[in-house]
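# Per-entry structural report
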Amino acid sequence: MAVREMDVLVVGAGIAGLYQLHRLRELGFSVKSLDAAPDVGGTWYWNAYPGAQVDSPANVYQYWFSQELLDEWEWSERFPHQPEIKRYLKHVAERFDLYRDIELNTKVESADWDEAEQRWDVVTDQGDTFKVRYIVSCVGMLSAPKVPPFPGHEDFRGEIHHTARWPQHEIDFSGKRVGVIGTGATGIQVVQTLASQVEELFVFQRTPQYAVRMKNYPVDAQVMAEWRAQYPTLKDQVHHTFAGFEWAVPEAGWASSLSHEERIAVLEECWADGSLKMFVGTYPEVLAVPEMNAEVTEFVRAKIRAQIDDPEVAAKLIPSDYGYGLYRVPLENGYFEAFNRPNVHLVDVKANPIERFSENGLVVGGEEYPLDMVVLATGFDAGTGSLARMNIRGRGGESLADVWKKDIRSALGLQIHGFPNLFTVAGPLAPSTAFCNMATCLQQQVDWITEAILYLRDHDKHSMEPTAEREEEWVRHHDEVANTTLLTSVDSWYMGANIEGKKRRLLSYIGGVDAYRDLCDEIQANDYPGFTLA
Ligand code: NA7
């Protein structure tokens, strides 16, 4: 029941939270980081499900702040699996002595802005109160699990695990009948991994996905040396590309000047890279011009079709009612081929939704599927979910959850009008995981917030908040850019459409990491126009 006073409270100890803690502490701020998990890692702690793997290459999915770290850390594969990234983050926490300022197993229960004192009162489930000048939320864009309310959960005699709350111990799948609900990026990784480990695998699919073949490879000493030689350039380069990876996206208009054959050659080249280059690295028209989208859609459909033996199964696994890239494109490594195995069964739950759990399994269309375990790969309440669940009340006691129930708004995804001194990393309407190499975006936003807090200290100010006009201007610009794309036409998590009652808006900024960074830098260079500093 202690009351503690300090400059900054960082919520979350994942990639962003660890870096934020390190940066502020180096500058002499008193700061603590809280995390509900028993250890650091954030996403990479919780998502311990079989096959969990990053889909940005490790050479651009890492911290840049320490040359020693870059020199020391050896990656083992191009797209590392969850245990390796968790190890990396733990190493960072130890290497930079961060643990001493991290409180684990601690969840924020509420945060109230004290107008008179100009600070936040944050109460945790451990009964402590933190009186802090600033809160930096590093809770992640995809961290509040979505658990569909299937009736009969409690009747089921087997195990149920959500992928984002996966047990930390090994599970033996041999001889088991396992059901996987959900075929997004996560479900795809689970299916391709479990197919050969279980006795029978039932995949309950509502929306098929255009997954792209991942090209993974081991990182041996030679590759590691090549990567290290690139680091000094890469470190800067990732911040000046459209999606925060190393490759640049061609200018709008370029692809239309090419012939169909030339465009297919570009797609073949991107496909061969075996990465998200095939998604956010082709050319801008893919996500904006219906005819160009149709062209790439056919290209990807043919690639997928070639992997599936049974044409009837292929027809179900290949999306037919929306275009390529309008949902987040997953990478796969054996997903479609898994359905060629006799023990893997596709259950279409679009026409016949899952009705309920029974004692023995799941019931769909009146038919019971007996199962030992059900894996919920059912996604997240993205962007706003974790923040809204924190009971944040700003000026005048206004609740952030209520504000966002009416309309999901922010100024550059970094601050919200009415909530002074609350900074958000990967907040809604910032570029983040949807269209960005997350490690790039997180570090850029942490750097911006650090500079802002430093500026306030150096200029003897104690609060910062975007004006209503600044926020409105950003929301309008964000929507204008979003509306030039086809992304707003589908019911994806990008649009918040996977959560009932959630206000519809593209949750991530799609104007480009490079353009966004320039704008953020300009705001800082001009002493924060559109922000009230008191
Ligand atoms: P996603 O991409 O939101 O996928 C969730 C999946 O779960 C998706 O296939 C959903 O179908 C399915 N789902 C959700 N609720 C139900 C119900 N009630 N019945 C059947 N199926 C359901 O989450 P992921 O964890 O895979 O990936 C999230 C991001 O993490 C990913 O994009 C990367 O950026 C990393 P639906 O599409 O709603 O029809």
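Residues numbered from 1 in each chain as written. Predicted model: local features only at pLDDT ≥ 70, side-chain atom pairs only at ≥ 80, totals over all residues. Heavy atoms only, no water.

### Let's talk about the site of the ligand
Spelled out, the test is: Throughout this document, a residue counts as near a molecule or strand when at least one of its heavy atoms sits within 4 Å of that molecule or strand. Any pair of nitrogen or oxygen atoms within 3.5 Å is treated as a polar contact; in protein, a donor-acceptor pairing is required on top of that, and neighbouring residues in sequence qualify only through side-chain atoms on both sides. Here, Shrake-Rupley sampling with a 1.4 Å probe gives the accessible areas, and only protein chains in the shown set may cover a residue.
Taken together, 19 residues form the shell around the ligand, and within it Thr183, Thr186, Arg206, Thr207 and Arg328 come nearest. Thr183 has a polar backbone atom sitting 2.9 Å from an oxygen atom of the ligand. Measuring from an oxygen atom of the ligand, one finds a backbone N or O atom of Ala185 at 3.1 Å. Starting from 780 Å² of accessible surface for the ligand in isolation, the protein chains cover 86%.

### So, unusual backbone geometry
Let me state the cut-off plainly: In this text, helices come from DSSP runs of H or I with a minimum length of four residues, and strands from runs of E with a minimum of two, each type numbered from the N-terminal end.
Backbone geometry at Asn421 places phi at a positive 60°, although glycine is not the residue there. Within the secondary structure, Asn421 sits in the loop between α13 (400-406) and β18 (422-424).

### Topic: the state of the cysteines
The following threshold applies: Disulfides are defined as pairs of cysteine sulfur atoms found within 2.5 Å of each other. Each residue gets one of three labels from its accessible area relative to the maximum for its type: buried under 20%, exposed over 50%, partly exposed in between, using a 1.4 Å probe on protein chains only.
Within the structure shown, the criterion is met by one disulfide. Put simply, Cys436 and Cys441 are joined by a disulfide, and their sulfur atoms are 1.9 Å apart. On the S-S bond that ties Cys436 to Cys441, the torsion sits near 115°, and the link is right-handed. As far as burial versus exposure is concerned, Cys436 and Cys441 are alike and both buried. Cys138 carries a free sulfur, and the closest cysteine sulfur to it, the one in Cys441, is 14 Å from it. Cys270 takes part in no disulfide bond, and the closest cysteine sulfur, belonging to Cys436, lies 18 Å away.

### Some points on the sheet that holds strand β13 (residues 354-357)
The criterion, for reference: Only strands that DSSP links by at least two bridges are regarded as paired with each other. Simply put, an axis is a line fit to the C-alpha atoms, just over the touching stretch for a helix, and the angle between two N-to-C directions goes from 0 to 180 degrees.
Spatial ordering of the open sheet is given by β13-β14-β15, a layout of three strands whose pairing is antiparallel. Unpaired on one side and paired on the other, β13 and β15 (367-370) mark the two borders of the sheet. Mean inter-strand twist for the sheet, computed between neighbouring axes without regard to direction, equals 25°. Direction of pairing for strand β14 (residues 361-364) relative to β15: antiparallel, over a ladder of four bridges. Each bridged residue has a counterpart across the sheet, and for Gly361 the counterpart in β15 is Pro370.

### Re the packing of aromatic side chains
Formally: Put simply, two rings from Phe, Tyr or Trp (the six-membered ring, in Trp's case) pair if the centres are within 6.5 Å, and we call them stacked under 30 degrees between planes, edge-to-face over 60, tilted for the rest. Whether a charge sits over a ring comes down to the Lys NZ or Arg CZ being within 6 Å of the ring centre and within 35 degrees of the ring normal.
Counted by the stated rule, this structure contains 33 aromatic pairs. Ring centres 5.3 Å apart and planes at 85° place the aromatic pair Tyr45 and Trp46 in the edge-to-face group. Here Phe204 and Tyr369 contribute two aromatic rings whose centre-to-centre distance is 5.5 Å and whose plane-to-plane angle is 90°, an arrangement assigned as edge-to-face. With a gap of 165 residues between them, Phe204 in strand β9 (residues 200-205) and Tyr369 in strand β15 connect regions that are remote in the sequence. With a relative accessible area of 1%, Phe204 lands in the buried category. Stacked on the ring of Phe96, the Lys or Arg Arg95 has its end atom at 5.3 Å from the ring centre.

### Side note on the pattern of salt bridges
We apply this condition: A pairing counts as a salt bridge when a side-chain nitrogen of Lys or Arg comes within 4 Å of a carboxyl oxygen of Asp or Glu.
As enumerated under the stated definition, the model contains 37 salt bridges in all. For Arg100, the salt bridge goes to Asp101, with nearest N and O atoms at 3.5 Å. Each of Asp407, Arg409, Glu471, Glu472, Arg476, Asp479 and Arg505 takes part in one network of salt bridges that share partners.

### Regarding the side chain of Thr207
Definition in use: Contacts were defined at the residue level, with two residues in contact if any of their heavy atoms lie within 4.5 Å.
Here Thr207 shows up in the loop between β9 and β10 (212-213). Setting aside residues up to four positions removed in sequence, Thr207 forms contacts with Thr183, Tyr322, Tyr327 and Lys350.

### Focus on the environment of Pro420
Structurally, Pro420 is set in the loop between α13 and β18. Distance in space between the C-alpha atoms of Pro420 and Tyr134 is 8.4 Å, their sequence separation being 286 residues.

### Description of the sheet that holds strand β16 (residues 373-376)
Strand order across the open sheet formed by five strands is β7-β16-β8-β9-β12, with parallel pairing between neighbours. Sheet topology places β7 (159-162) and β12 (344-348) at the edges, where each strand pairs with a single neighbour. Neighbour-to-neighbour, the strand axes of the sheet open up by a mean angle of 20°, direction not taken into account. Where β9 meets β12, five bridges bridge the pair, whose relative direction is parallel. Looking at β12, one finds that Leu201 is bridged to Val344. Running over the sheet, helix α5 (residues 185-194) touches β8 (177-181), β9 and β16 and is turned about 160° from β8.

### Digging into helix α1 (residues 15-26)
Side chains three or four residues apart in an α-helix point the same way, a direct result of the helix having 3.6 residues per turn. Applicable threshold: How far a helix is expected to stretch is found by multiplying one less than its residue total by 1.5 Å.
Across its twelve residues, α1 extends 17 Å between first and last C-alpha, which sits within 8% of the 16 Å expected from 1.5 Å per residue. Most of α1 sits inside the fold, with eleven of its twelve residues counted as buried. All of the buried residues in α1 are Ile15, Ala16, Gly17, Leu18, Tyr19, Gln20, Leu21, His22, Arg23, Leu24 and Arg25. Directly beyond the C-terminal end of α1, a positive phi value near 90° is found at Gly28.

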